[in-house]
Amino acid sequence: MSVQAEGTFYVQAIGLRPKVHVSADGSGVAGHAGARLLADLAGATGLTAAYSAALRPLRPRGTGHDPGRIATDLAVMLADGAEAIADLAVLRDQGEVFGPVASTPTAWRLLADTDERTLIALRSARAQAREVAWLQAAEQGEGIPAVRAAGRMLPGLVLDLDATLITCHSEKDQAAPTYKGGFGFHPLLCFLANTGEGLSGRLRPGNAGANTASDHITVLDQALAQIPDAHRHGTDILIRTDSAGSAKAFLTHVRDVRKRGISTFFSVGYTVTEPVRHAIRAMPDHLWHPALDQDGSLRAGAEVAELTGMVELTGYPADTRIIVRRERPHPGAQLSLFDQDEDEGLRHQVLLTDTPYSGGGSAQFLEVRHRGHATVEDHIRCGKTTGFGRFPSRHFTINSAWLELSLAAIDLLAWMRVLLLDGELAAAEPKKLRYRLLHVAARLTRGGRRLRLRISQTWPWRHELATAFHRLAALPRPAG
């Protein structure tokens, strides 16, 4: 900026940086040092050992890199924000911190050798590690956190199912045109709302139906298999989906799961059909009640009513209830023709649930409880930066294995938050964790027969990262 004083111009310095001289001869420095926390967490929960046992058939001669260790390194790489198998070089080129890491071709071969039977073994290994992680959380006295709705804690576990579109910019096996005019895949996923863990996922062609009941059943069953026995039996499990999960066959399956001793309930979106429109028009004004927000306060301009008994639900499980919310749409919200035809110009959203009247809460509470399903969009958005936003291969089997490892990466980040972090970081999204903890640089020193990672004393989150490593060291380890 120039300043004039008595006919003279001066240049005012604005944020000048000190000069630096760059060379490529440094030593004893590690980048992405915080990612070692995830690698060690995989060991502490038994994930690495379980992967090794699951993938042992892929190492017939017992030589070379352990396939289980390769799978763990790929999961750590994805949790660290990588997008391609070649990004494994970030770990491989820092052998002092991460040990021996497989080459890119070796990692490719492992993924190429992963068939459906191997995928099942990988899922089982991840379930074993989850059981250990949840036991470790219980040992710390915290356990698995509860989901909150309307200022209350929901009992048990909450599973959120949703599908998303993944764009492909090249020809890949089973990639297809999508309903939004794009091209790629349409995976269906299930997340645990309590912690953000990625329980299960199914890679599907881009033209797969959003409301395919068989796919919902498969993903739900795989998700339930991921839950440790102590929680799967004797704990209420709420399954939430949008209207794509309202198929009668899927809801009947949710109810039938109870025959296996699993206490499952559903809360799913429902299309505003003509019978629903008729019931809404016939609902007296005095039966509409104020809607609630997630903190329990009243939601401005929104009301809730129960339509049970006013809409025929033939073919749905017995005791299914139907609830509707109407409210003033926010600017930019898309309205249906029915909403536009109404004199009030209100937006209507409908849900089905089999939560009973006794002990289940009012229609207002059940409606705000269902609205919490929207958090699955955040989990999907974060998951796309943790592996499944970009599939690396032309081959569907390799991409299916990549999705499974992405779910493992999501789990590692969730376990890190639950077991090792406090405060703001315990609720942080992956991007914040990477910038503050995982991508931190550190100096390597040796002394007393120990290798030390020395985090800069000026790094704002040095104490949080050091505390996380100390907590990791104190975690009880699985036997064997």
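This text goes with the structure placed above it.
Reading guide: rules and limits
Within each chain, residues carry numbers counting from 1 in the order of the written sequence. Where totals are concerned, whole chains, interfaces and linings use all residues; where local detail is concerned, this predicted model gives features only for residues with pLDDT of at least 70, and gives and counts side-chain atom pairs only at 80 or more. Processing note: side-chain calculations cover all non-hydrogen atoms of the structure and skip hydrogens and water entirely. Among buried residues, those of type Ala, Val, Leu, Ile, Met, Phe, Trp, Tyr and Cys that are joined through side-chain atoms within 4.5 Å constitute a nonpolar core. Only protein chains enter the area calculation, which uses a 1.4 Å probe; residues under 20% of their type maximum are buried, those over 50% are exposed, and those in between are partly exposed. A helix here means a DSSP run of H or I that spans at least four residues, while a strand means a run of E at least two residues long, and both kinds are numbered starting from the N terminus. We call two residues in contact whenever any of their non-hydrogen atoms come within 4.5 Å of each other. When two rings of Phe, Tyr or Trp (its six-membered ring) have centres within 6.5 Å they constitute a pair, described as stacked for plane angles under 30 degrees, edge-to-face for angles over 60, and tilted for the intermediate range. Only lysine NZ and arginine CZ atoms are considered, and such an atom sits over a ring when it is within 6 Å of the ring centre and within 35 degrees of the ring normal. Each salt bridge in this description consists of a side-chain nitrogen of Lys or Arg and a carboxyl oxygen of Asp or Glu lying within 4 Å of one another. One bridge is not enough; two strands pair if DSSP finds at least two bridges between them. Fitted lines through C-alpha atoms serve as axes, helices being fitted only where they are in contact, and the angles separating the N-to-C directions of these axes extend from 0 to 180 degrees. The cut-offs work like this: below 35 degrees is roughly parallel, past 145 is roughly antiparallel, 65 to 115 is roughly perpendicular, and the gaps in between are oblique. Crossing handedness is read from the near helix: turned anticlockwise from the far helix by less than a right angle, it gives a left-handed crossing, and turned clockwise, a right-handed one. For this classification, the nonpolar set comprises Ala, Val, Leu, Ile, Met, Phe, Trp, Tyr, Cys and Pro, the charged set comprises Asp, Glu, Lys and Arg, and every other residue, Gly included, is treated as polar. In this analysis, the expected span of each helix is defined as 1.5 Å times one less than the number of residues it contains. Whenever a nitrogen or oxygen atom comes within 3.5 Å of another N or O atom, the pair is scored as a polar contact, on the condition that within protein one atom can donate a hydrogen and the other can accept it, and that pairs from neighbouring residues in sequence are kept only if both atoms are in side chains. Patch definition: residues with relative accessible area over 30% and no salt bridge; like charges joined within 9 Å; nonpolar side chains (Val, Leu, Ile, Met, Phe, Trp, Tyr) joined within 5 Å. Each accessible area is a Shrake-Rupley estimate made with a 1.4 Å probe; only the visible protein chains count as cover when residues are assessed. Counting rule applied: Lys, Arg positive; Asp, Glu negative; His and chain ends not counted. To locate a charge, take atom NZ for lysine, CZ for arginine, CG for aspartate or CD for glutamate.

Enquirer: Can you explain the nonpolar core? Please cite residues and give values.
Expert: Formed by 115 residues in total, the largest nonpolar core has its most connected members in Leu-159 and Met-416. With 16 residues, the top contributor of residues to this core is helix α15 (residues 396–420). Apart from the residues within four sequence positions on either side, Met-416 is in contact with Leu-37, Leu-38, Leu-41, Leu-421, Leu-433 and Leu-438. Within the second largest apolar cluster, 18 residues are counted, among which are Ala-150, Val-158, Phe-265 and Phe-365.

Enquirer: Any details on unusual backbone geometry? Residues and values, ideally.
Expert: Unusually for a residue other than glycine, His-32 sits at a positive phi of about 55°. Position of His-32 relative to the elements: it lies in the loop between β3 (29–30) and α1 (35–44). When its relative accessible area of 24% is taken as the criterion, His-32 is described as partly exposed. Positive phi, normally seen in glycine, also occurs at Gln-174, with a value near 70°. Structurally, the position occupied by Gln-174 is in the loop between β7 (166–167) and β8 (176–177). A relative accessible area of 43% places Gln-174 in the partly exposed class.

Enquirer: Account for the packing of aromatic side chains, naming residues and giving values.
Expert: All chains considered together, the criterion is met by four aromatic pairs. For the ring pair Tyr-270 and Tyr-316, a centre distance of 6.1 Å and an interplane angle of 80° mean the geometry is edge-to-face. Placement of Tyr-270 in strand β13 (residues 264–270) and of Tyr-316 in the loop between β15 (298–306) and β16 (321–327) is noted, with a sequence separation of 46 residues between them. Ring centres 5.6 Å apart and planes at 70° place the aromatic pair Trp-459 and Trp-461 in the edge-to-face group. These aromatic residues form a ring-pair network of at least three members: Phe-185, Phe-391 and Phe-396. In this structure, Arg-258 packs its charged tip against the face of Phe-265, placed 4.5 Å from the ring centre. Directly above the ring of Trp-288 sits Arg-326, whose terminal nitrogen or CZ lies 4.0 Å from the centroid.

Enquirer: Go over the pattern of salt bridges with me, naming the residues and quoting the values.
Expert: Per the stated rule, a full pass over the model turns up 33 salt bridges. Arg-240 is the partner of Asp-160 in a salt bridge, and the nearest nitrogen-oxygen pair spans 2.8 Å. Remark: Arg-240 occurs in strand β12 (residues 237–241) and Asp-160 occurs in strand β6 (residues 157–163); sequence separation between them is 80 residues. Asp-256 is the partner of Lys-259 in a salt bridge, and the nearest nitrogen-oxygen pair spans 3.8 Å. Accessibility expressed as a relative area gives 32% for Asp-256, which makes it partly exposed. Among the charged side chains, a network of salt bridges with common partners joins Glu-116, Arg-123, Arg-126, Arg-130, Glu-197, Glu-404 and Asp-411.

Enquirer: Give a description of the sheet that holds strand β19 (residues 450–455) that names residues and reports values.
Expert: Read across the open sheet, the three strands follow the order β3-β18-β19; overall the sheet is antiparallel. Two strands in the sheet have a free side with no partner beyond their single neighbour: β3 and β19.

Enquirer: Talk me through the sheet that holds β7; I want residue IDs and the actual numbers.
Expert: The sheet built from three strands is open, its strands ordered β7-β9-β8 with antiparallel pairing. What marks the edges here is a single partner per strand, and that holds for β7 and β8. Of the pairings in the sheet, the one linking β8 to strand β9 (residues 183–185) comprises two bridges and is antiparallel in character. Looking across to β9, one finds that Ala-176 is bridged to Gly-184.

Enquirer: Hey, could you go over the packing of α1 against helix α17 (residues 462–474) for me, with residue numbers and the actual values?
Expert: Two elements in contact, α1 and α17, have axes separated by 10 Å at closest approach and are oriented at 15°. Our classification of the angle between α1 and α17 gives roughly parallel. Between α1 and α17 lies a crossing whose hand is left-handed. Where α1 approaches α17, its residues Arg-36, Leu-37, Asp-40, Leu-41 and Ala-44 are matched on the opposing element by Leu-465, Ala-468, Phe-469 and Leu-472. Looking at the contact of α1 with α17, its residues break down into seven nonpolar, no polar and two charged.

Enquirer: With reference to specific residues and values, describe helix α3 (residues 67–79).
Expert: Each α-helix winds once per 3.6 residues, and so residues spaced three or four apart point in a common direction. Between its first and last C-alpha atoms α3 spans 18 Å; for 13 residues at 1.5 Å apiece the expected length is 18 Å, and the two agree. Of all the 13 residues making up α3, 12 are buried; the element is thus mostly covered by neighbouring parts of the structure. Where α3 is concerned, the buried positions are Pro-67, Gly-68, Ile-70, Ala-71, Thr-72, Asp-73, Leu-74, Ala-75, Val-76, Met-77, Leu-78 and Ala-79. Within two residues after α3, Gly-81 carries a phi angle of roughly 105°, on the positive side.

Enquirer: A description of the environment of Asn-194 should follow, citing residues and the corresponding values.
Expert: Here Asn-194 shows up in the loop between β10 (188–192) and β11 (198–202). Placed 40 residues apart in sequence, Asn-194 and Leu-154 show a C-alpha to C-alpha distance of 9.7 Å. Here Asn-194 is in contact with Ile-144, Pro-145, Ala-146, Val-147, Gly-156, Leu-157 and Val-158, once residues within four sequence places are set aside. A distance of 3.3 Å separates a polar side-chain atom of Asn-194 from the backbone oxygen of Gly-156.

Enquirer: Let's hear about the environment of Gln-457: which residues, and what values?
Expert: Turning to its location among the elements, Gln-457 is positioned in the loop between β19 and α17. Counting along the chain gives 326 residues from Gln-457 to Glu-131, while the straight-line C-alpha distance between them is 36 Å.

Enquirer: Residues and numbers for the pairing of strand β14 (residues 289–292), please.
Expert: As paired strands, β14 and β15 are joined by three bridges and run antiparallel to one another. Across the sheet, Pro-290 pairs through a bridge with Glu-303, a residue of β15. Linking two consecutive strands that pair antiparallel, namely β14 and β15, is a turn of five residues; a positive phi of about 95° is found at Gly-296 within it.

Enquirer: Account for a positive patch on the surface, with residues named and values stated.
Expert: A surface patch of like charges, here positive, comprises Arg-443, Arg-450, Arg-452 and Arg-454. Among the elements that make up the positive patch, the one with the highest residue count is β19 (three residues). Judged by relative accessible area, which is 54%, Arg-450 ranks as exposed.

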